[in-house]
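Each chain is listed here by its residues.
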Amino acid sequence: MTALTLNLNSVIKLTREQFYQLCEENPDLKLERNAQGELIIMPPTGGETGRSNVNLILQVASWNEQNKLGEVFDSSTGFTLPNGADRSPDVSWVEKYRWDALTKEQKEKFIPLCPDFVIELLSPNDSLKKTQMKMQEYIENGCRLGWLINRKKQEVEIYRPGQEMEVLTLPQTLSGENVLPGFVLNLQRIWC
């Protein structure tokens, strides 16, 4: 099953609060909203994608626990980007000072900022083109480093502001560069 896009704009333009309430009232659905206000209904992931997502989160969270430079979030976390889109990256990280600057209420709802770092793991049902557009959207809205991991092709696309996207074939590790200093992602369990 692929993601479905639902355009309700001719009927209703959901406010940020209404979209948040819609998500709260329908916890069994994973919803995103693009900058045009269209709803995107995401199907559940399969076992291999779920296993890989946990591995990615564990590695980023372990590094963050040691360094305490920010906060790590899973794919259930909603972010309201500056362009108005509401997105939920598979793995995301926000630098500590940006997280600490949010109010308690902002931390409880969809986080009103773009993460500093994101990982999207391409599921078998995901559209590569749409996921690439989402990665570009993150960068355009303030993300400093993004990785799109394509298990099927065994490739990683690296996104950075002001640079062309870089493609690596079958890398064994990835560096967090200056965004996640000292972090090295081990991809061996992702490729198996």
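Residues numbered from 1 in each chain as written. Predicted model: local features only at pLDDT ≥ 70, side-chain atom pairs only at ≥ 80, totals over all residues. Heavy atoms only, no water.

**Describing the packing of aromatic side chains**
Then step 1. Using the criterion set out here, one finds 8 aromatic pairs in the structure.
Then step 2. Here the aromatic rings of Phe73 and Phe79 are separated by 5.6 Å at their centres, their planes lie at 85°, and the arrangement is edge-to-face.
Then step 3. Note on Phe73: relative accessible area 11%, which makes it buried.
Then step 4. For Phe79, a relative accessible area of 1% translates into the label buried.
Then step 5. Centre to centre, the rings of Phe73 and Trp99 are 5.3 Å apart; their planes meet at 55°, and the pair counts as tilted. Of this pair, Phe73 sits in strand β4 (residues 70–73) while Trp99 is found in helix α3 (residues 96–100), placing the two residues 26 residues apart along the sequence. (Phe/Tyr/Trp six-rings, centres within 6.5 Å; stacked < 30°, edge-to-face > 60°. Buried < 20%, exposed > 50% of the residue type's maximum accessible area, 1.4 Å probe, protein only. Helix = DSSP H or I, 4+ residues; strand = E, 2+ residues; numbered from the N terminus.)

**A word on the nonpolar core**
Then step 1. Phe117, Trp147 and Ile149 are the most contacted members of the largest nonpolar core, which totals 21 residues.
Then step 2. Elements that contribute at least two residues to this core include exactly α2 (47–67), β7 (91–95), β8 (117–121), β9 (145–150), β10 (155–159) and α6 (188–191).
Then step 3. If we skip the residues at most four places from it in the chain, Phe117 touches Val60, Val91, Ser92, Trp93, Cys143, Leu145, Trp147, Val179 and Leu180.
Then step 4. In terms of nonpolar packing, the next biggest core, distinct from the first, is built from 18 residues, Phe79, Val94, Ile111 and Ile139 among them. (Core = buried A, V, L, I, M, F, W, Y, C linked by side-chain atoms within 4.5 Å. Contact = heavy atoms within 4.5 Å.)

**Notes on the pattern of salt bridges**
Then step 1. Summed over the entire model, instances satisfying the criterion amount to 15 salt bridges.
Then step 2. Its salt-bridge partner being Glu155, residue Lys153 comes within 3.8 Å of it at the nearest N-O pair.
Then step 3. Using a relative accessible area of 18% as the deciding quantity, one classes Glu155 as buried.
Then step 4. When the shortest N-O distance is used, the salt bridge between Glu177 and Arg160 registers 2.6 Å. Of the two residues, Glu177 sits in the loop between β12 (173–175) and β13 (184–186) while Arg160 sits in the loop between β10 and β11 (166–169), which places them 17 residues apart along the sequence. (Salt bridge = Lys/Arg side-chain N within 4 Å of Asp/Glu carboxyl O.)

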